[in-house]
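Observations on the three-dimensional arrangement
Residues per chain are reported as follows:
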Amino acid sequence: MELAGRKALLTGATGGLGRAIALALAGHGAELTLSARQAEALEALAAELPGSGHRVLPADLAEPDAAEHLAAEAGQVDVLVANAGLPGAGLLTDFSAEEVKRALRVNLEAPMLLAQALFPAMVERGEGHLVFVASLSGKSASPRTSIYSATKFGLRGFALGLRPDLGPQGVGVSLVSPGFVRGAGMFADSGAKPPPGMGTARPEQVGAAVVKAVKSNRLEVAVAPLHQRVMAHAGLVSPSVADRAQSGSAGQKAAKAVADGHAKTGKR
Ligand SMILES: NC(=O)c1ccc[n+]([C@@H]2O[C@H](COP(=O)([O-])OP(=O)(O)OC[C@H]3O[C@@H](n4cnc5c(N)ncnc54)[C@H](OP(=O)(O)O)[C@@H]3O)[C@@H](O)[C@H]2O)c1
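First, a word on what this report is: a plain description of the structure on this page. Computed from a predicted model, the values in this text were never measured in an experiment. (Residues numbered from 1 in each chain as written. Predicted model: local features only at pLDDT ≥ 70, side-chain atom pairs only at ≥ 80, totals over all residues. Heavy atoms only, no water.)

A short note on the pattern of salt bridges
Applied cut-off: Any Lys or Arg side-chain nitrogen located within 4 Å of an Asp or Glu carboxyl oxygen qualifies as a salt bridge. Numbering of helices and strands starts at the N terminus; helices are DSSP runs of H or I of at least 4 residues and strands are runs of E of at least 2. Buried, partly exposed and exposed residues are distinguished by accessible area as a fraction of the type maximum, computed with a 1.4 Å probe on protein chains only: under 20%, between the cut-offs, and over 50%, respectively.
Going through the model one piece at a time under the given rule, you end up with eleven salt bridges. The shortest N-O distance in the salt bridge between Asp78 and Arg125 comes to 3.5 Å. Separated by 47 residues along the polypeptide, Asp78 in the loop between α3 (66-74) and β4 (79-82) and Arg125 in helix α4 (residues 97-125) bring together distant segments of the chain. A relative accessible area of 4% means that Asp78 is categorised as buried. One salt bridge connects Lys267 with Asp189, and the closest N-O pair in it is separated by 3.0 Å. You can see Lys267 sitting in the segment after α10 (249-265) and its partner Asp189 sitting in helix α6 (residues 186-190), a full 78 residues away along the chain. Overall, the relative accessible area of 45% leaves Asp189 in the partly exposed class.

Right, dumping it as structure tokens:
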């Protein structure tokens, strides 16, 4: 599906990857509806984007019914990019029940409900695309990612199951799965270093991956250096090997540093 002249709804637009995705979509001629909680930051981004017709719809996706309201307010949406997310990093005991529910709602429930509300009109028009920003943590879990991985494994399963249902009706479904991203975004904000040898990707690569997913109807675009993608895939194929590799003291230490960094940002 070409992006020029298409109406795209992007959640998590105020975040590090959201900004890069917005620039990439607008750069390819899409007309954007930007959503997140911070209204002023959304307005500033909308004013900065190339092209015209961009607008903002602030929403707190942790609130009940917020996804359905956002979809209704957005009007025509040709492309959904469900990107908003919380790091959900740390031990399960570090989280209140409310915080667990919030991570599930923002990372998993809201994308599912947005898709459910938006795809029927796409089917009627005979075209549309749903992009879910997941993570390599949706392929392979590691210490202190139980909540985050639960949401991203779930999102991955949702998208993989939805794709064959909607494909025959002209609606594409894609996953964009980044690994560690440097320079901007939740991992960079944590100040933590990736585990040795893993490397990082740039936010612009995530933006380009979203464009590629829509234009080429890709099932999944992983955005990470080769070594990281291979490790994540190995974890997907053999969780027991990944478990043994990551449960040692080096893996635990690296995971703790990442989770501690996320905790310092106050994002749960
Ligand atoms: N950065 C990475 O290394 C990395 C790696 C793999 C996957 N990802 C995924 O990429 C996506 C974007 O992450 P990011 O790195 O850009 O993170 P980020 O900089 O922390 O941005 C998160 C975005 O989600 C929005 N958000 C958070 N809570 C929300 C809520 N209750 N309602 C509505 N919006 C909410 C935030 O906006 P407001 O605060 O304005 O509401 C912000 O726009 C996430 O799904 C993340 O899991 C990131």
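Description of the sheet that holds β4
Condition: When DSSP finds at least two bridges between two strands, those strands are taken to pair. In what follows, residue pairs with any heavy atoms lying within 4.5 Å of each other are defined as contacts. Angles here are taken between N-to-C directions and fall from 0 to 180 degrees, while the axes themselves are lines fitted to C-alpha atoms, restricted in helices to the stretch in contact.
Read across the sheet, seven strands follow the order β3-β2-β1-β4-β5-β6-β7 without closing on themselves; strand pairing throughout is parallel. Every other strand in the sheet has two partners, leaving β3 (55-56) and β7 (220-223) as the edge strands with one partner each. Across four bridges, the pairing between strand β6 (residues 171-178) and β7 is parallel. Within β7, the residue paired with Pro178 across the bridge is Val223. With respect to the sheet, helix α5 (residues 146-166) is in contact with β5 (128-133), β6 and β7, its orientation differing from that of β6 by roughly 155°.

Concerning unusual backbone geometry
For residues besides glycine, phi is generally negative; the peptide bonds are generally trans as well. The backbone of Asp65 sits at a positive phi, close to 70°, despite the residue not being glycine. You can see Asp65 is positioned in the loop between β3 and α3. Backbone geometry places Arg144, a non-glycine residue, at a positive phi of 60°. Tracing the sequence through the fold places Arg144 in the loop between β5 and α5.

Some remarks on the packing of aromatic side chains
Our working rule: When two rings of Phe, Tyr or Trp (its six-membered ring) have centres within 6.5 Å they constitute a pair, described as stacked for plane angles under 30 degrees, edge-to-face for angles over 60, and tilted for the intermediate range.
The tally for this structure, following the rule as stated, stands at two aromatic pairs. With a centroid separation of 5.5 Å and an interplanar angle of 80°, the aromatic rings of Phe132 and Phe158 are classed as edge-to-face. Residue Phe132 is found in strand β5, and its partner Phe158 is found in helix α5; the two are separated by 26 residues along the sequence. Pair check on accessibility: Phe132 and Phe158 agree, each one buried. An angle of 50° between the planes, with centres 4.7 Å apart, marks the rings of Phe180 and Phe187 as tilted.

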